[in-house]
Structure formats: C-alpha cells, structure tokens
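Chain and residue survey
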Amino acid sequence: MTSRKKSDELFHRASVKIPGAVNSPVRAWKAVGAAPIFIESGSGATLIDADGNAFLDYVCSYGPAILGHAHPRVTQAIAEQSRLGLGFGAPTRLEVELAELISSAIECAQKVRLVTSGTEAGLTALRLARAATGRTNIIKFDGCYHGHSDSMLVRAGSGAMTFGQPDSGGVPSAVAAMTMVARYNSIETVEGLFRAAPEKIAAVIVEPVAANMGVVNPDPGSLKVLAEIAHANGALLICDEVISGFRLCFGSIAESMGVAPDLIMLGKIIGGGMPVGAIAGPAKIMDLLAPVGPVYQAGTLS
Ligand code: HOZ
C-alpha cells in the first residue's frame, strides 16, 4: 500500500458524523487493529481505495459480489432499469420474475416474500413461525447470526462475535428470555431445551452451514435430525440461507442435504449487490402474511 492519506482523512470526517465512522460495525476493522480503508471502486476481483491502492478482494461484499464487482451484465441491467424508475410503491413484473426464479430453484419455496435485507427476512420468519404455531420461544445456536433483530442478538455471531459482544444492549430481557440457545452440532442441547419448555418453542433457527463464527460444517445428517426433533415437538425449522443460499449451490444447501425447511431466509446474493432479502416456504405458512393473513410485514423499498 503506497499511501492511506485519503482513507485516513475520510475516516476522520466519518467519525464526526457517523457513529464509529461506519454504517455496519465489522467495517470498523476493530479486530484488524487498523483504521479501515475507504473504497472508491471495484472491478472484478479488484478493489481500488481512496488513495488509488489496488487490492485483491476476498470479502466480495460479504457474499453478494459472487460475480465480481461491476459485472457488465449487472451494471447494464441496473442502468437500464434506473432509466425506468427505481421504485413505485406498487408491484412490478421484475418482482414476479425474481420470486419465480427463487421458487424454481428451491422446492420448499412455494411462495416468496421479498424484503430489503437478511435481517428483515429473519424477523419476518420468526413472526411467521410464532403465528403459525401460537408459541413464543425460539431456539438458536450459539455463534449463529440471523440479522440484528432483537430476538436474534442473543449469543450472536458475525460482527457481534468479532467485538466479543454476542449480546446487544437495548434488547429487553423479556425479549431475550424468549430466545433459547443451543450448541451448534449438539443435538443433545436442542433436546434439552425442548424438554425444558415443552409446547413453548415455535421454531429452531439455524444456518445449515454456520458461517458467522468462521465456517463450521454441520455433522453429517444433523440437519435432518434437527428437523425431525423440531417437528416431533410441534415446532418449525427455519433455515437461514442468507449466506449459503445460491452460493454453496444454486438454491438451498439445506435441500441439497435432504431437508425441506419450513421457512427459508435469503439475502445477499439474491440481490446481486442490491439490497434484497426474502422469506420463502410452503403456501400454508407464507399465506399467513398480510394482506392474506394476520402477520404484518411491509416495506416501501420491498
Ligand atoms: N452482518 C454482515 C455480514 N454478515 C455485515 C456486512 C457488512 O458490514 O457489510
């Protein structure tokens, strides 16, 4: 790196107006032990920072940039659409096509609701699971990350873990108490939680391949067992495929392991770099969403 003068200047300016100088905590590079570089542009696998330094990008926007930055087909599609308008507060053909594409690649995705982030997909999936079962509690795994909704910032991975802050301030203890924490790849801890709160648990939420505490593969067959235990106890299995979906395979990695999730969360890659998330599942659960059913979810940019 020849210089970082401009990045440092931007960091100081950002620190005045933006908490911690960043709009998402991992970007502060606290675990790296240096101030972050500010990116000016990306092309293919190369990033150029504000000082003109070039880097080989292994982050790929945390997943969405699987085709590399500024892929000509992606930028052309965005440029063409931007001339037609960006959002209308009304449905469009492109949403139908994206829902159909997701549904054609994921068998359990009979219906799809498009939102703007993985966090939104997560909080909506939990609300659906609670409405579908009439129960309150959720089992998650220590170190798994499902976005920053209140119920999911309990023993969370991703940035929360990087900062040694797996629980967040501002989450009421009454909300956190409804989140029960099991150990990844420990079926016994899941069984123990079901024994401790029979008929209270709405869903087990899991990353089929854990990717927010390093990458941890599931024990062979464990996802299937998890689904069986959840169903035997009247709970749903939510698979968070915000990272794994359309990345480890074209579609759902849970399905490729022989498991049909009751609800699946998607994000990152399905937006190709634009802010998109999705919740998908069988019609009988998805049709609980407003305007068909009583579970509310909405978004101006959804
Ligand atoms: N929680 C996101 C990664 N899973 C943060 C990504 C970012 O800061 O861009």
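These numbers were taken from a predicted model, which means no experiment stands behind them. (Residues numbered from 1 in each chain as written. Predicted model: local features only at pLDDT ≥ 70, side-chain atom pairs only at ≥ 80, totals over all residues. Heavy atoms only, no water.)

Attention shifts here to the nonpolar core. Grouped together as the largest cluster of nonpolar side chains are 25 residues, with contacts concentrated most on Ile139, Phe141, Leu226 and Leu237. Within the residue set of this core, elements represented by two or more residues are β5 (137-141), β6 (179-182), α7 (187-196), β7 (201-206), α8 (222-232) and β8 (236-240). With five residues, α8 is the single largest residue contributor to this core. Sequence-distant contacts of Phe141, that is, excluding residues within four places in its chain, are made with Arg155, Val181, Ala182, Arg183, Tyr184, Val190, Val204, Ile205, Val206 and Leu226. (Core = buried A, V, L, I, M, F, W, Y, C linked by side-chain atoms within 4.5 Å. Buried < 20%, exposed > 50% of the residue type's maximum accessible area, 1.4 Å probe, protein only. Helix = DSSP H or I, 4+ residues; strand = E, 2+ residues; numbered from the N terminus. Contact = heavy atoms within 4.5 Å.)

What follows covers the site of the ligand. Taken together, the neighbourhood of the ligand is formed by Ser24, Val26, Arg27, Tyr62, Tyr145, Ser158, Asn212 and Lys268. A distance of 2.8 Å is found between an oxygen atom of the ligand and a side-chain nitrogen or oxygen belonging to Arg27. Residues belonging to the shell around the ligand are distributed by class as follows: three nonpolar, three polar and two charged. (Near = heavy atom within 4 Å. Polar contact = N/O pair within 3.5 Å; in protein donor to acceptor, adjacent residues only side chain to side chain. Nonpolar A, V, L, I, M, F, W, Y, C, P; charged D, E, K, R; others polar.)

Looking now at the pattern of salt bridges. Under the defined criterion, the tally for this structure stands at five salt bridges. For the salt bridge of Asp287 with Lys111, the shortest nitrogen-to-oxygen distance reads 3.1 Å. One end of the pair, Asp287, is in the segment after α10 (283-286); the other, Lys111, is in strand β4 (residues 111-115), and 176 residues separate them in sequence. (Salt bridge = Lys/Arg side-chain N within 4 Å of Asp/Glu carboxyl O.)

To continue, consider the environment of Leu266. Summarising the element assignment, Leu266 is placed in strand β9 (residues 263-266). The class of Leu266 is buried, set by a relative accessible area of 0%. Between the C-alpha atoms of Leu266 and Ile102, which are 164 residues apart in sequence, the distance is 9.5 Å. In this structure, Leu266 is in contact with Ile102, Ile106, Gly118, Ala121, Glu241, Val242, Gly245, Phe246, Gly277 and Ala278, ignoring residues within four places of it in sequence.

Turning our attention to the sheet that holds strand β3 (residues 54-56). Taking strand neighbours across the sheet as the criterion, the three strands line up as β1-β2-β3 in an open arrangement whose pairing is antiparallel. On the outer flanks of this sheet lie β1 (39-43) and β3, each paired with one strand and no other. Within the sheet, the average angular offset between the axes of one strand and its neighbour, ignoring direction, is 25°. Direction of pairing for strand β2 (residues 46-49) relative to β3: antiparallel, over a ladder of three bridges. When the bridges of β3 are listed, Leu47 appears paired with Phe55. (Pairing = 2+ DSSP bridges. Axes fitted to C-alpha atoms, helices over the stretch in contact; angles between N-to-C directions.)

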